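# Structural features, examined
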Amino acid sequence: MNYARFLTAVSAARKPSAIRLLSEAELQQRSPPSLISLAGGAPNPDTFPFRSATIQLKNGENVTFNEATMKRALQYSASSGIPELLTWMRNLQKNLHKPPTASHSPEDGQMDVCVTTGSQEGLCKVFEMLVSPGDNVLLDAPTYSGTLAALHPLGCNLINVPSDHHGIIPSALKDILSRWDPLEVHEPASSAPKVLYTIPNGGNPTGASMTTERKQEVYKLAQQYDMLIIEDDPYYFLQFEKPWTPSFLSMDADGRIIRLDSFSKILSSGLRIGFVTGPKPLVDRVVLHIQASTMHTSTFTQLMVAQLLHSWGQEGFLQHVDGVIEFYRTQRNAMICSAEKWLKGLAEWHAPSAGMFLWIKLKGVSDTQQLIMKKALEKEVLLVPGGVFMIDSSQPCSYIRAAFSLSTPEQIDEGFRRLSSLIKEAL
Ligand SMILES: Cc1ncc(COP(=O)(O)O)c(CNc2cc3ccccc3n(O)c2=O)c1O
């Protein structure tokens, strides 16, 4: 694929940092031990006040940083991520998704991975790489408010693709794309969309999950109109039923999928570990942006997670994921049970098959903003008014988002009892 047409002027202008190349760990590793480096401006770790660390795991084992490892953990590292974590993640992606691009040549979009500080950083850098002012960008709203916050300032035109509780409706996407001639999308003056963004599993805020068939139809349309698909998938590992739905990455014959993964919902949100997986020419561009911004995700955090993952192996990791799935399935069931108990007749919802959110339509309430931001707080129940997830948040929205991640089943039940009473008062 020709990726040049997708890059913004800013991304195309990014150049590798010369100083980073000189001081990159791999350059030093490739060089003979006799090399004396007076190049890198890295600080001397002997001056750091930290000696070692032991992190206790719930399974009784420890992640230990001895003095030598601690010095490495506290030092700069490669912008794309530390080798141990990158290798582990590349192998996981190949085993889980079996991407056709794994066998491509680098220039032909070979699957590559880089570490980001949460998938939020990945999203922000991918959007900056692909979205220019005035571009038409396709996405299915309501969508994650963090995505809208990253996209709106880029001055693009967000086109909503109709969706339902099974995600994007392919026929609606086809109708939208029929405004353009697929044979003309490569014309310099063409305004045809180049990017489609979606959250394929356990959508935030809708809880929607795309079916395999819909993904295949959407991928074919992306091929027809030469678009890239940004697969923002932090809830992939929170799919309650197996087999998990095949990802867009697993069907990416062309190298047009940019996938964002996150450890936030399964290992830790505070450690800020995310991944961009995609064609090497595009991942390389994200890394250039990392070089010029954060330089890299915390080496300490990456090493801590890498040690854990290497001790678990993929099998141990997936066993841990199974435990997380059981927790959120139980939470989902509790919220659905309370919704049926307290909201029947007052609201409508679809039970999600993944993620941590319930998207609730309040009957007879045209806009939930005031109800939630004022009245619900008076009743001491906090939810999110649906307007914040819409492309135009000023439009009235009769939905609210409820998360079943943090509260206990008892708290969820009491929360919905309070919600029920305030809806009745509002009506
Ligand atoms: C679809 C989608 N894509 C990317 C991200 C970012 O995740 P990362 O890997 O941790 O950077 C998210 C995280 N979503 C949320 C985060 C959050 C953090 C504090 C407080 C509230 C939050 N609420 O409400 C959220 O939905 C997401 O849902």
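- As recorded by an unreviewed UniProt entry, the protein chain carries the name Kynurenine/alpha-aminoadipate aminotransferase, mitochondrial and is attributed to Tetraodon nigroviridis.
- What UniProt states about the protein chain under its Pathway (unreviewed entry) heading is, verbatim, "Amino-acid degradation; L-lysine degradation via saccharopine pathway; glutaryl-CoA from L-lysine: step 4/6."
- UniProt lists a comment for the protein chain under the heading Cofactor (unreviewed entry), and it reads "pyridoxal 5'-phosphate".

### A short note on the side chain of T299
- Structurally, the position occupied by T299 is in helix α11 (residues 299–342).
- One polar contact links T299 to S77, side chain to side chain, over a distance of 2.8 Å.

### Focus: the packing of α11 against helix α13 (residues 409–426)
- Two elements in contact, α11 and α13, have axes whose closest approach is 9 Å; the angle formed by their N-to-C orientations is 30°. Taken as axis vectors, α11 and α13 run roughly parallel relative to one another. Considering the relative orientation of α11 and α13, their crossing is right-handed. In this structure, α11 contributes Q331, A334, M335, S338, A339, K341 and W342 to the contact, and α13 contributes P409, I412, D413, F416, R417 and S420.
- Per-class residue counts for the contact of α11 with α13 are 7 nonpolar, 3 polar and 3 charged.

### Let's talk about the pattern of salt bridges
- Applying the stated criterion across every chain yields a total of 24 salt bridges.
- The closest approach of N and O atoms between D46 and K71, which form a salt bridge, is 2.7 Å. Linking D46 in the loop between α3 (25–30) and β1 (53–56) with K71 in helix α4 (residues 67–73), this pair joins segments that are 25 residues apart in sequence.
- A residue is classified by how much of its surface remains accessible, and D46, at 55% relative accessible area, is exposed.

### Brief notes about the UniProt feature "domain: Aminotransferase class I/classII large" (unreviewed entry) in the protein chain
- Within this structure's numbering, the places UniProt gives as "domain: Aminotransferase class I/classII large" (unreviewed entry) are residues 68–419.
- The span residues 68–419 carries 40% helix and 15% strand; its end-to-end C-alpha distance comes to 55 Å.

### Considering the nonpolar core
- Formed by 91 residues in total, the largest nonpolar core has its most connected members in L130 and F263.
- Residue contributions to this core peak at 14 residues, all from α11.
- The residue makeup of this core includes at least three contributed by each of domain 1 (79–299) and domain 2 (322–425).
- If we skip the residues at most four places from it in the chain, L130 touches F6, T8, D135, V195, L228, I230 and I258.
- Listed in part, the 23 residues of the second largest apolar core include L173, L177, L196 and A222.

Definitions and limits used
- Position labels on residues start from 1 in each chain and follow its written sequence.
- Totals for whole chains, interfaces and linings use every residue, but because this is a predicted model, local features are given only for residues with pLDDT of at least 70 and side-chain atom pairs only at 80 or more, for both listing and counting.
- Each side-chain value is derived from all of the structure's non-hydrogen atoms; neither hydrogens nor water enter the calculation.
- UniProt positions are given in the numbering used here, feature names are shortened, and annotations may be inferred rather than shown by experiment.
- Helix numbers and strand numbers start at the N terminus; a helix is a DSSP run of H or I with at least 4 residues, a strand a run of E with at least 2.
- Throughout this description, a polar contact denotes any pair of N or O atoms lying within 3.5 Å of each other; where both atoms belong to protein, one of them has to be capable of donating a hydrogen while the other can accept it, and for residues adjacent in sequence the pair is counted only when both atoms sit in side chains.
- Lines fitted to C-alpha atoms define the axes, with helix axes restricted to the stretch in contact, and inter-axis angles between N-to-C directions lie between 0 and 180 degrees.
- Each angle gets one of four labels, with under 35 degrees taken as roughly parallel, over 145 as roughly antiparallel, 65 to 115 as roughly perpendicular, and the rest as oblique.
- Should the near helix be turned anticlockwise from the far one by less than a right angle, the crossing is left-handed, and should it be turned clockwise, the crossing is right-handed.
- Residues count as neighbours in contact if any of their non-hydrogen atoms are within 4.5 Å of one another.
- Throughout, the ten residues Ala, Val, Leu, Ile, Met, Phe, Trp, Tyr, Cys and Pro are labelled nonpolar, Asp, Glu, Lys and Arg are labelled charged, and all others, Gly among them, are labelled polar.
- A pair is scored as a salt bridge if a Lys or Arg side-chain nitrogen falls within 4 Å of a carboxyl oxygen belonging to Asp or Glu.
- Partly exposed describes any residue whose relative accessible area lies between the buried limit of under 20% and the exposed limit of over 50%, with all areas from a 1.4 Å probe on protein chains only and scaled to the type maximum.
- Residues belong to a common nonpolar core when they are buried Ala, Val, Leu, Ile, Met, Phe, Trp, Tyr or Cys residues joined through side-chain atoms within 4.5 Å.
- Boundary definitions for the domains trace back to an automatic or database domain assignment.

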